[in-house]
Amino acid sequence: MIQAILVFNNHGKPRLVRFYQRFPEEIQQQIIRETFHLVLKRDDNICNFLEGGSLIGGSDYKLIYRHYATLYFVFCVDSSESELGILDLIQVFVETLDKCFENVCELDLIFHMDKGGLSAAPARAVSAVKNINLPEMPRNINIGDLNIKVPNLSQFV
Amino acid sequence: MALKMVKGSIDRMFDKNLQDLVRGIRNHKEDEAKYISQCIDEIKQELKQDNIAVKANAVCKLTYLQMLGYDISWAAFNIIEVMSASKFTFKRIGYLAASQCFHEGTDVIMLTTNQIRKDLSSPSQYDTGVALTGLSCFVTPDLARDLANDIMTLMSHTKPYIRKKAVLIMYKVFLKYPESLRPAFPRLKEKLEDPDPGVQSAAVNVICELARRNPKNYLSLAPLFFKLMTSSTNNWVLIKIIKLFGALTPLEPRLGKKLIEPLTNLIHSTSAMSLLYECVNTVIAVLISLSSGMPNHSASIQLCVQKLRILIEDSDQNLKYLGLLAMSKILRTHPKSVQAHKDLVLQCLDDKDESIRLRALDLLYGMVSKKNLMEIVKKLMTHVDKAEGTTYRDELLTKIIDICSQSNYQHITNFEWYISILVELTRLEGTRHGHLIAAQMLDVAIRVKAIRRFAVSQMSALLDSAHLVASSTQRSGICEVLYAAAWICGEFSEHLQEPQQTLEAMLRPKVTTLPGHIQAVYVQNVVKLYAAILQQKEQAADAQAAQEVTQLLVERLPQFVQSADLEAQERASCILQLVKHVQKLQARDVPVAEEVSALFAGELNPVAPKAQKKVPVPEGLDLDAWINEPLSDSESEDEKPKAIFHDEEPRHAKQRPPEADEQELARRREARKQEQANNPFYIKSSPSPQKRYQDAPGVDHIPVVQIDLSVPLKVPGKWMPMSDQYVKLEEERRHRQRLEKDKRKRKKRERERRGARRHTSLHTESDEDITPAQRVDIVTEEMPENALPSDEDDKDPNDPYRALDIDLDKPLADSEKLPVQKHRDAETSKSPERQDVTVMEKKSKKPKRKEKKHKEKEREKKKKEAEKVRARRRKKKKHKKDKGERSKDKKKPKKRAPPREGEAEPVQNGALCEEPLPPMSSYSLLAENSYIKMTYDVQGSLQKDSRVTVSVVLENQSSSFLRNMELNVLDSLNARLARPDGSSVHDAVPVPFQLPPGISNEAQFVFTIQSIVTAQKLKGTLSFIAKNDEGSTHEKLDFKLHFTCTSYLVTTPCYSDAFAKLLESGDLSMSSVKVDGISMSFQNLLAKICFHHHFSVVERVDSCASMYSRSIQGHHVCLLVKKGEKSVSVDGKCSDSTLLSNVLEEMKETLAKC
């Protein structure tokens, strides 16, 4: 499952952000900042996988990213996704953007925020993979256990 | 166009679109925040406009600002307005904004239910699509419950675009509303074979995601997935399926065996690295699951390791990383095959990429042996020196400790070397793992008796230079090692060379800057040292020196008395008094050393962390039994409540076979007595055969070990790395050993040569050849005798996926249908359904608990049941097919299947499920003509007194299209149909759907009831317009709604003690009926009463059962059902006699049919 898709530039400015799990705005920004600092440190010629940051997901999650010119494309996924598959997906995603905007660049993302393709683009490219994770709903567990057995019947009459 | 129109107006001078906003933000780099707050003010103005285009534009800008981190939840209502715009471009903006900022806490979200439902059924596929996409992000349990049925319908939409989305979103619905999983699952399964590859892949994704969390429920799908795996060419789908198999194989080893072949084929044939990698991963998982059963898969392992080696050698860092990752999985079960690639792993340790180095470190853990441990750790130590960044260095540190300490220090041949490594690690600046090093030092010093002398000398050196440790890294955790150092020096002070010097080091004023808990340890161990010194001095008859030491303590201890840490302070003042007392005695020339050292006599033994938990309850001790018998008059009360906590335990206990026979028990008892006699103070561990060096009981019997004196015991330079010297020495020692051995061998060979000539094998040094430098006595941690080996860690109760742990092979019950669009009366809030949900939840969970308890029994029955299930499924499939054919040519697919084969869902007693029950349905025919057939069911709810819900299933039996359906009822004094606000008592209530030919759907109507003690009938009419090719006609169908007394009863669980109290209270009136000629089994009989009359079984003994139910107005109804030879008698007690007699009459009718 993909937990979040983050696109930001070399300065950490968010350009396209999609969370498939609810986080309050401040946390979202914190995640973006944290992720940015994680990927910024890394050279372009080292591997594209990162163990998850502390804010999003936890140990089951990985950050998989690619760096194109001035943009970082970061996917946060859990262990059910194929790492190499997601790398391909990022490629497909960027190619899709490229087709939409002809020679996609950072400015396209900034100025065409509302373009139909864009808001749904992650979802569309991801439709083969997409699924979402949300926090648990509260459940009543122990209101009256139905399965009570007593050795002998109480006096009825 | 609308936008242009607005632009034209003078007010709209400031109206900027998103592009303007973005441009503006870029132009105001210095005062961005101010500019944005100004924009937000403008947006607020725009949102007040009536024009939807302006609103949409404003919301669009808000979505951008949300991405930049601004809270836009205040605009939630406006977002809903934009969502409900008729124009797609606006609607899309609305849904986008909603998906970004709506969540379960958004209060206006419940307003969206109807809008979303409308969009879902919109004729435009894009409206539907955008609603589905949006909903996936903000679905709540309420939305999920209300919309589940609509989304399920969309799974059979004509357009694959919609089907795909609907399938995907079902996953979110399942998460939020687990009850929907079982009803929706058959259709989801159908989608696995959808003609459209997109839909198919979506279904695979959803099922894989579900199965990943609760694999055992999806084992039955394995053949289907196997077929898909061998036929599909879509790599995405293949990867998912292969990953899923990886999760399933541990549960079903036979599956693994079948998988090996196709997977190896894929590995050989595929060109896609991602697929290859996943195949290798799953093969590894299969091999792990098989490793216990059949070890003969070396070919597959070799293939995997080979392929992984190719990955690791690849120049692509990503492949290298993944290769190492998978390698570490093989390592766990087949370390031998990985160890062959040690060169590769060591090479990766030097990689420039940190992630790769970390992975390589993981692998190292399994690669060390006695032979190469020192070499590898040396390498790691150089990395520690080079490493930049504390995270990587800390990781290295923990790995070094992990590697060395693994499996009880199995690979360490020279503990002096290890201690010096630990001491060297203390030089690391800014490490967080001081406590780890400290724990290791303590552990080694305590458990390896032979090393204590050396450890003490090292620790005293460490204490001596404590200022270095403490001053430079006061804030970091490294000073924790002083804790260990102080304790070791104190506890084993007899080994100290110059105790006085260490004592002085520990009493330096600088010590007071250490953290409180370390100071406390210092104080305590200062006394231990003091005791040792006193003893020494008194033996040497050096009273002068002894008094000097005492004086030193008296002078220095007050600095600890002033410590801010309570523990340190308390210990210090206590000890200060002690020392002062000793001083007085010394002044009188009384020998005190004996008494002072008696304070610390005896040895501390290590105790396993789990020891306490594992102390078995001694025989004959019943922790639940009363220590003092309670007062006699309360006896009867005491007995019953106890039953609550017993649950099913008593019966369970009886079934369990005795774990040990008498002989065994006697033997154990004997052994225990013996041991207790030997050790009055300790609970000693029973000797385990695996340990090579066993701790002999009692201190005196410890074989004191001769330390190899080739290693210097004196501490050389205080901060010089010593471990290297040890490596060298160790090498020399091994060399010497080898020479000796060779010599011996040569002699042997010569002897052999003299005899018959045999071929001589090359001498290779294996692990076993290396003898440890010291015969090391590794003391095992103490465990209580008879410690129970099993301690399962409970599953995390907060796991959101646990709710989806649902058995999918059971046939559906009536009560499990998805809620459909309801007619609600004006004030109906969501509470009544919520209650239903929890009740249902409990019901569906119950049989599973049962299963757990009777696992063994279950296993035996499994085969039989599997057949049964299969048979049922076959039946269902046929059913489905019919449905499918019917709905194919219709535009609107069938919303709800007719009542299906029921099962004993409401039966409270789990034991009743043992034999198959006849199909049951609570729906009965209401009216029927050539156009339409109506069946209905009446249900009450405890939450709404005097209100019942009538669910009417309308089935179109004609070829006409039925619409404008309206239901009207002639209200009686006692019962009234709840109509929407503002309508008169004669108005009809519209049915909220239309019926294409052949389709059925369910509508619900709420009735208000005054008195519930008698049954009653209401006359009513359904009017509708039937439209066919020839035109439309207005039709009517009259019916009579029958409210039985039973329909006012609600299944309510009741505890036996509460039940007994109720009966004892004497407020209930009594009545009984008897029915003859009943052949049905008692179990089915009870199931029938439970199902049709909404009772629950309180208790059951043989052919006698007590049952309970409650009316919506709170009347208690208690039954005692007894079965005779051919008859059944039912005694009832109820707070209302009329109600009781009516209920019993109705029950009599039901029973008469049996």
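Residues numbered from 1 in each chain as written. Chains lettered and ligands numbered in written order. Predicted model: local features only at pLDDT ≥ 70, side-chain atom pairs only at ≥ 80, totals over all residues. Heavy atoms only, no water.

### A short note on the overall build of chain B
Helix and strand counts for chain B stand at 44 helices and 15 strands. By residue count, 51% of the 1154 residues in chain B fall in the buried class. In chain B, of all internal contacts separated by at least 6 residues, the share reaching a separation of at least 24 is 71%. Surface accessibility of chain B: about 56,300 Å² in total, with carbon and sulfur atoms responsible for 51%. (Helix = DSSP H or I, 4+ residues; strand = E, 2+ residues; numbered from the N terminus. Buried < 20%, exposed > 50% of the residue type's maximum accessible area, 1.4 Å probe, protein only. Contact = heavy atoms within 4.5 Å. Areas by Shrake-Rupley, 256 points an atom, 1.4 Å probe, with all protein chains shown as cover.)

### Considering the packing of helix α4 (residues 52–67) of chain B against helix α6 (residues 88–101) of chain B
All names here are of chain B. At a closest axis distance of 9 Å, the pairing of α4 and α6 adopts a crossing angle of 30°. Note that α4 runs across α6; the crossing there is left-handed. Contacts between α4 and α6 involve Ile52, Ala53, Ala56, Val59, Cys60, Thr63, Gln66 and Met67 from the first element and Phe90, Ile93, Leu96, Ala97 and Gln100 from the second. Grouping the amino acids of the contact of α4 with α6 by side-chain chemistry returns 10 nonpolar, 3 polar and no charged. (Axes fitted to C-alpha atoms, helices over the stretch in contact; angles between N-to-C directions. Left-handed = near helix turned anticlockwise from the far one by under 90°. Nonpolar A, V, L, I, M, F, W, Y, C, P; charged D, E, K, R; others polar.)

### A closer look at the sheet that holds strand β6 (residues 989–990) of chain B
Residues and elements named next belong to chain B. Pairing in this open sheet of 4 strands is antiparallel, and the strands run β6-β4-β8-β9 from one edge to the other. Each end of this open sheet is capped by a strand with a single partner; those strands are β6 and β9 (1031–1043). Where strand β8 (residues 1016–1028) meets β9, 13 bridges bridge the pair, whose relative direction is antiparallel. Bridging across to β9, Thr1021 finds its partner in Asp1038. (Pairing = 2+ DSSP bridges.)

### Details of the pattern of salt bridges
A complete count under the given rule lists 33 salt bridges over all chains for this structure. Linking Lys62 of chain A and Glu83 of chain A is a salt bridge whose minimum nitrogen-to-oxygen distance equals 2.9 Å. Separated by 21 residues along the polypeptide, Lys62 of chain A in strand β4 (residues 62–68) and Glu83 of chain A in helix α2 (residues 83–101) bring together distant segments of the chain. With respect to class, Lys62 of chain A is no different from Glu83 of chain A; both count as buried. Here Asp362 of chain B makes a salt bridge to Arg359 of chain B, at a shortest N to O gap of 2.8 Å. Here Asp362 of chain B and its partner Arg359 of chain B are both found in helix α21 (residues 354–367), 3 residues apart, which amounts to about one turn of the helix. Sharing partners across several salt bridges, the network here consists of Asp78 of chain A together with Glu209, Arg212 and Arg213 of chain B. (Salt bridge = Lys/Arg side-chain N within 4 Å of Asp/Glu carboxyl O.)

### Some remarks on the side chain of His1093 of chain B
Residues and elements named next belong to chain B. Along the polypeptide, His1093 turns up in helix α43 (residues 1082–1093). On the accessibility criterion, His1093 (4% relative accessible area) is buried. Side chain to side chain, His1093 and Thr1046 meet in a polar contact 2.8 Å long. Residues in contact with His1093, not counting those within four places in the same chain, are Thr1046, Leu1049, Lys1088, Glu1146, Met1147 and Thr1150. (Polar contact = N/O pair within 3.5 Å; in protein donor to acceptor, adjacent residues only side chain to side chain.)

### As for the side chain of Ser1023 of chain B
In this structure, Ser1023 of chain B sits in strand β8. Among all residues touching Ser1023 of chain B, those that are not within four sequence positions of it are Asn964, Met965, Glu966, His1034, Glu1035 and Lys1036 of chain B.

### Here's the deal with a nonpolar patch on the surface
Residue and element names in this part refer to chain B. On the surface, Phe77, Met110 and Leu111 cluster together into a nonpolar patch covering about 330 Å² of accessible area. Take Leu111: it is sitting in the loop between α6 and α7 (112–120). With a relative accessible area of 45%, Leu111 lands in the partly exposed category. (Patch = residues over 30% accessible without salt bridge, like charges linked within 9 Å, V, L, I, M, F, W, Y side chains within 5 Å.)

### A short note on the confidence of the model for chain A
Detailed reading of the predicted coordinates is not advisable wherever pLDDT falls low. All names here are of chain A. For chain A, mean pLDDT is 66; residues scoring 70 or higher make up 59% of the total. The lowest-confidence element of chain A is helix α4 (residues 116–126), averaging 42 in pLDDT; the highest-confidence one is strand β5 (residues 71–77), averaging 88. Every residue in residues 114–157 scores below 50 in pLDDT, and together they form 134 contacts with partners more than four places removed in sequence or on other chains. (pLDDT = per-residue confidence, 0-100.)

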